[in-house]
Amino acid sequence: MSNASNVNADPAELEKFSSLAHRWWDPESEFKPLHQINPLRLEWIDGFANLRGKRVLDVGCGGGILADSMARRGASQVIGIDLATKALRVAQLHALETGTPNIQYHEVSVERLAQEQPASFDVVTCMEMLEHVPDPASIVAACARLAKPGGWVFFSTINRNAKAFALAIVAAEYLLKMIPKGTHEYAKLIQPSELAAFARQAGLDLQASKGLQHNPVTGRYWLSADTSVNYMLAARRAQE
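Overview of the structure. (Residues numbered from 1 in each chain as written. Predicted model: local features only at pLDDT ≥ 70, side-chain atom pairs only at ≥ 80, totals over all residues. Heavy atoms only, no water.)

### Remarks on the overall build of the chain
- Of regular secondary structure, the chain possesses 8 helices and 8 strands.
- The C-alpha atoms of the chain give a radius of gyration of 16 Å, which matches the 18 Å a tight globule of 240 residues would have.
- Burial analysis of the chain (240 residues in total) assigns 50% to the buried set.
- For the chain, the proportion of contacts with a sequence separation of at least 24, taken over those separated by at least 6, is 72%. (Helix = DSSP H or I, 4+ residues; strand = E, 2+ residues; numbered from the N terminus. Rg over C-alpha atoms; globule rule 2.2 N^0.38 Å. Buried < 20%, exposed > 50% of the residue type's maximum accessible area, 1.4 Å probe, protein only. Contact = heavy atoms within 4.5 Å.)

Laid out in structure tokens, this is it:
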């Protein structure tokens, strides 16, 4: 669905990521942080869901960094969806060039896919996307509908507080220039309690949360119990 005006997406956000599409797979580009944190995200997800042999959906896949790694981890099928056309083309081209197995990319909204393929994925991931859409609760609900009973759903986003504003926006975008200016809007950031409420309303059982921390001096990223800035949440759809 290429017309983003009537779906849960911000056209300015889509254009922001589409304009950078050719840089997605350059590990020294604006997407360097995604390349650096991807092994941490992958191990955390795989530790809960055991990706091997699973049918996986990556919502808001962008250029396919996480989707590609989940396919290479042994998932039986990975589908990446996004509404940023150029980023999807980059993802498709990368999969072709590198021979990534069992992966497909589609331009479709998560809400529409939830209508078409409910309860059909063992694992659903939605990473670094919720803070870029007008209605994150709708995204969470659609992700829950797409998961099979007992299936895993994973989210990651950025907390909304003074520390997150200082580190994720002021420092990362303006001082250290780790990511492009304007990548994040403070008002769109989501507190863990809000995301947990969205998940519960969608019929998901919360399993775990984890913070993602960064040392700008050494460039090292690591997982911790500190969810005050970047964090991930693991949930399961209730067994029926």
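Still more ground to cover, so stick around.
### As for the side chain of H132
- Here H132 is to be found in the loop between β4 (121–127) and α6 (136–146).
- Not counting chain neighbours up to four residues away, the residues in contact with H132 comprise D10, E13, F17, T183, H184 and K188.

### What about the pattern of salt bridges?
- Scanning all chains against the criterion turns up 13 salt bridges.
- Its salt-bridge partner being D122, residue K148 comes within 3.1 Å of it at the nearest N-O pair. Highlighted residues: K148 in strand β5 (residues 147–158) and D122 in strand β4, separated in sequence by 26 residues.
- According to the relative accessible area criterion, K148 is partly exposed, its value standing at 29%.
- Three or more residues joined by partner-sharing salt bridges are found here, namely D10, E185 and K188. (Salt bridge = Lys/Arg side-chain N within 4 Å of Asp/Glu carboxyl O.)

### Comments concerning the state of the cysteines
- Tallied over the entire structure, the rule returns 0 disulfides.
- Cysteine C126 is unpaired, with the sulfur of C143 as its nearest cysteine sulfur at 4.5 Å.
- For C143, a relative accessible area of 0% translates into the label buried. (Disulfide = S-S within 2.5 Å.)

### Considering the sheet that holds strand β8 (residues 230–237)
- The strand order across the open sheet formed by 8 strands is β3-β2-β1-β4-β5-β8-β6-β7, and the pairing between neighbours is mixed. The outermost strands of the open sheet, each flanked by one partner alone, are β3 (103–107) and β7 (220–224). Taking each pair of neighbouring strands and ignoring which way they run, the sheet shows an average axis angle of 20°.
- Those strands touched by helix α3 (residues 65–72) are β1 (55–59), β2 (77–82), β3 and β4, and its axis lies near 150° from that of β3.
- α6 contacts β1, β4, β5, β6 (204–215) and β8 of the sheet and is inclined by roughly 150° relative to β5. (Pairing = 2+ DSSP bridges. Axes fitted to C-alpha atoms, helices over the stretch in contact; angles between N-to-C directions.)

### Some thoughts on the side chain of T125
- In this structure, T125 sits in strand β4.
- Within the structure, the side chain of T125 is placed 2.7 Å from the side chain of D58, a separation counted as a polar contact.
- Discounting chain neighbours no more than four positions away, the residues touching T125 are I45, L57, D58, V59, L66, M70 and F154. (Polar contact = N/O pair within 3.5 Å; in protein donor to acceptor, adjacent residues only side chain to side chain.)

### As for α3
- Counting buried positions along α3 gives 7 out of 8 residues, so the element sits mostly inside the fold.
- Of the residues making up α3, those classed as buried are I65, L66, A67, D68, S69, M70 and A71.
- Contacts made by the buried residues of α3 are with α2 (32–49), β1, β2, α4 (85–98), β3 and β4.
- Directly after α3, the chain includes G74, whose backbone phi takes a positive value near 115°.

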